[in-house]
Amino acid sequence: MEKALILDEETLKKGWGAEGQYWFSVNTYTVKDIAETADIDRPHDSSETEFMLSIGYIPFFHVNRIEMSRAYIEAVGSRKLKERLLAVPDSEFVNTFWKYFDAYKHLSDGYEEFQLNYLIKKAVDWCDDNGIKCIVE
């Protein structure tokens, strides 16, 4: 039977992890937290990334809150709101996004569905880019 990465709620949540936190094993088709590999002896002269790649892991897909917020505003925000948020620096973007989100009811309608679909798309694109068969559940 051909291996496939199951993209379920648990796997997709790992896409929200910190950058570099989750790694995909090309051997076992599992996603692991970097902390789970702490007991594996690593050569002192290799970086964490070099080591993980050498034992058959690749960085798992990652979505941060700024990316998600910008994508949502682009998808459902008004032209006026998009223009206002264009000038907001990344350091303030998420807080500003949530202020508008809380103030305008139409922004909250469909957000959870958008978020799920966005994560699925990012995960599927990541799988395609890395030649990994996946199944969305």
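One structure accompanies this document, and this report is about it. (Residues numbered from 1 in each chain as written. Predicted model: local features only at pLDDT ≥ 70, side-chain atom pairs only at ≥ 80, totals over all residues. Heavy atoms only, no water.)

Across its full length, the protein chain holds seven helices and five strands. N-terminal to C-terminal, the α/β element order of the protein chain is β-α-β-β-α-β-α-α-α-α-α-β. For 137 residues, the compact-globule formula gives about 14 Å, and the C-alpha radius of gyration of the protein chain, at 18 Å, lies well above that figure. For the protein chain, the spread of C-alpha atoms along the principal axes amounts to about 50 × 40 × 20 Å. Counting every position in the protein chain, which comprises 137 residues, the buried fraction comes to 37%. Carbon and sulfur atoms form 50% of the exposed surface of the protein chain, whose accessible area is close to 8800 Å². (Helix = DSSP H or I, 4+ residues; strand = E, 2+ residues; numbered from the N terminus. Rg over C-alpha atoms; globule rule 2.2 N^0.38 Å. Buried < 20%, exposed > 50% of the residue type's maximum accessible area, 1.4 Å probe, protein only. Areas by Shrake-Rupley, 256 points an atom, 1.4 Å probe, with all protein chains shown as cover.)

Before going further, it helps to examine the sheet that holds strand β3 (residues 31–33). Hydrogen bonds between backbone atoms are what pair the strands of a sheet, whose relative direction is either parallel or antiparallel. Reading across the sheet, the three strands line up as β3-β2-β4 and stay open at both edges, with antiparallel pairing between neighbours. Edge strands, defined here as strands with exactly one partner in the open sheet, are β3 and β4 (57–59). Taken over all neighbouring pairs, the strand axes of this sheet differ in orientation by 40 degrees on average, direction set aside. Inspection of the sheet shows strand β2 (residues 22–25) paired to β4 by three bridges, in the antiparallel sense. What sits directly across from phenylalanine 24, in β4, is isoleucine 58. (Pairing = 2+ DSSP bridges. Axes fitted to C-alpha atoms, helices over the stretch in contact; angles between N-to-C directions.)

Okay, the side chain of lysine 14 next. The topology assignment puts lysine 14 in the loop between α1 (9–13) and β2. One polar contact links the side chain of lysine 14 to the main-chain carbonyl oxygen of valine 31, over a distance of 3.5 Å. When residues no more than four places from it in sequence are discounted, the contact partners of lysine 14 are Tyr22, Val31, Phe60 and Phe61. (Polar contact = N/O pair within 3.5 Å; in protein donor to acceptor, adjacent residues only side chain to side chain. Contact = heavy atoms within 4.5 Å.)

Let us now look at the state of the cysteines. Any covalent bond linking the sulfur atoms of two cysteines counts as a disulfide. Across all of its chains, the model carries zero disulfides by this definition. The thiol sulfur of cysteine 127 is not disulfide-bonded, and the nearest other cysteine sulfur, from cysteine 134, lies at 3.9 Å. Classification of cysteine 127 as buried rests on a relative accessible area of 0%. (Disulfide = S-S within 2.5 Å.)

This part is about the packing of aromatic side chains. Under the counting rule described, the total for this entry stands at 15 aromatic pairs. Seen in terms of ring centroids, phenylalanine 97 and phenylalanine 101 are 5.7 Å apart; in terms of plane orientation they differ by 35 degrees. Their pairing is tilted. Of this pair, phenylalanine 97 and phenylalanine 101 both sit in helix α5 (residues 90–103), four residues apart, roughly one helical turn. The buried category is assigned to phenylalanine 101, whose relative accessible area is 12%. Here the aromatic rings of phenylalanine 114 and tyrosine 118 are separated by 5.8 Å at their centres, their planes lie at 25 degrees, and the arrangement is stacked. Separated by four residues within a single helix, phenylalanine 114 and tyrosine 118 lie in helix α7 (residues 111–129), roughly one turn from each other. Under the relative-accessibility criterion, tyrosine 118 is labelled buried at 18%. The structure contains a cluster of three or more aromatic residues connected by ring pairs, namely Tyr72, Phe97, Trp98, Phe101, Tyr111, Phe114 and Tyr118. The aromatic ring of phenylalanine 93 is capped on one face by arginine 70, whose charged end is 4.0 Å from the ring centroid. (Phe/Tyr/Trp six-rings, centres within 6.5 Å; stacked < 30°, edge-to-face > 60°. Lys NZ or Arg CZ within 6 Å of the ring centre and 35° of its normal.)

These figures come from the coordinates and say nothing about function on their own.
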